[in-house]
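These are the residues of each chain, in order.
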Amino acid sequence: MGQAVAAAVAFRTTFDALHAPVYFAPETQQRLAAAGLKPGSMTYFASRAAAMGLVGPGTVTAAFYSFSPSLIAHFVPRVWTIATPETVLEARLAAVDEIYRRLFGDETLASAEVAEAAALAREATEGCRPEGRPLYAAHADLAWPEQPHLALWHAVTLLREHRGDGHVAALTVHDLSGLDALVTHSATSNGTPPDTAKRTRGWSDEEWAAAAERLTLDGILDADGALTERGLDLRERVETATNEAARGPWRHLGEEKTARLEQLCAALSRRVIEAGAIPSAAFRA
């Protein structure tokens, strides 16, 4: 399927683990709590949306896609009356520095390998296109951190949001609403359990049941809530479209450099996962 698509397919296990700890680590909660934010959903929405500036709930709902609009509206735009986007971004980057130092140690972060990974990841982002990718474009407008380990995290964040924006586009093209996308993803073999998905994304049991009933009538789910053959095909087409849309950075980087970056980041990601820095259920989401 080609190195570029293979890298896109492997993104979650190879690269995403280097970004995701920021949402679960105590350092993030402490830094954002110092800015006045409450731990949990408020810090998540603030830290991920801050790059877009003083946006309202509609913009965050559109960009985040699978979260309940009512959950988002509970925190946005109120969060910006507590801490400015600039304050949130500063606190988040400071938290990343602390998280990485705890997980990897100063010696690893000062190594030639981390500096090489940062340079390669930054080069890969040069193959990202901003059109139709609001979260990626917003983060791409931020200044690059000077320290290699923070530059690596920022580059992986850009690659992650670039891929995520493409995934939202694929879901839209395939006529899956945010809740429909979540319900069908939960029905896949590696999907987040429904109870976890409802709790973290803010959907009620009634809303979930109504979506499942609608998807059953459409032939996407069977009577037991499992994906039908049509449903499996739909999810496969969504994932294929997502991976195709994510090829740009890896095509730009080239096969040899992509393979080297995968090697460098896989070693770091293993340490993140082995440290339990990402809840297993959340990492599947």
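Please refer to the structure placed before this passage.
Nothing here was measured: the structure is a model prediction, and the numbers come from that model. (Residues numbered from 1 in each chain as written. Predicted model: local features only at pLDDT ≥ 70, side-chain atom pairs only at ≥ 80, totals over all residues. Heavy atoms only, no water.)

Trainee: For this particular structure, what's the right way to read the nonpolar core?
Mentor: Considering soluble globular proteins, one finds that nonpolar side chains tend to be buried as a cluster. With 67 residues, the main nonpolar core has Leu-18, Phe-45, Phe-64, Trp-80, Leu-152 and Leu-261 as its most contacted residues. Dropping the residues within four chain positions of it, Trp-80 is found in contact with Ala-46, Ala-49, Ala-50, Gly-53, Leu-54, Val-55, Pro-85 and Val-88. Core analysis: the next-biggest nonpolar cluster, separate from the first, contains 19 residues, Ala-170, Leu-171, Leu-176 and Ile-220 among them. (Core = buried A, V, L, I, M, F, W, Y, C linked by side-chain atoms within 4.5 Å. Buried < 20%, exposed > 50% of the residue type's maximum accessible area, 1.4 Å probe, protein only. Contact = heavy atoms within 4.5 Å.)

Trainee: Would you mind showing me how to read the packing of aromatic side chains here?
Mentor: In this description, a pair of aromatic rings is defined by centroid distance and the angle of the planes. Inspection of every chain in the model, using the stated rule, returns 10 aromatic pairs. Between the aromatic rings of Phe-45 and Phe-75, the centroid separation amounts to 6.1 Å while the plane-to-plane angle is 45°, which identifies the pairing as tilted. Of the two residues, Phe-45 sits in helix α4 (residues 41-49) while Phe-75 sits in helix α6 (residues 69-75), which places them 30 residues apart along the sequence. Take Phe-75: its relative accessible area is 13%, and that puts it in the buried class. Of the aromatic side chains, those joined through ring pairs into one cluster are Tyr-23, Tyr-44, Phe-45, Phe-64, Phe-67 and Phe-75. Here the basic side chain of Arg-48 rests over the ring of Phe-64, its NZ or CZ set 4.6 Å away from the ring centre. (Phe/Tyr/Trp six-rings, centres within 6.5 Å; stacked < 30°, edge-to-face > 60°. Helix = DSSP H or I, 4+ residues; strand = E, 2+ residues; numbered from the N terminus. Lys NZ or Arg CZ within 6 Å of the ring centre and 35° of its normal.)

Trainee: How do you make sense of the environment of Arg-260 when you look at a structure like this?
Mentor: Position of Arg-260 relative to the elements: it lies in helix α18 (residues 255-274). With relative accessibility at 28%, the residue Arg-260 sits in the partly exposed group. Discounting residues that sit within four places of it in the chain, Arg-260 has contacts with Glu-116 and Leu-120.

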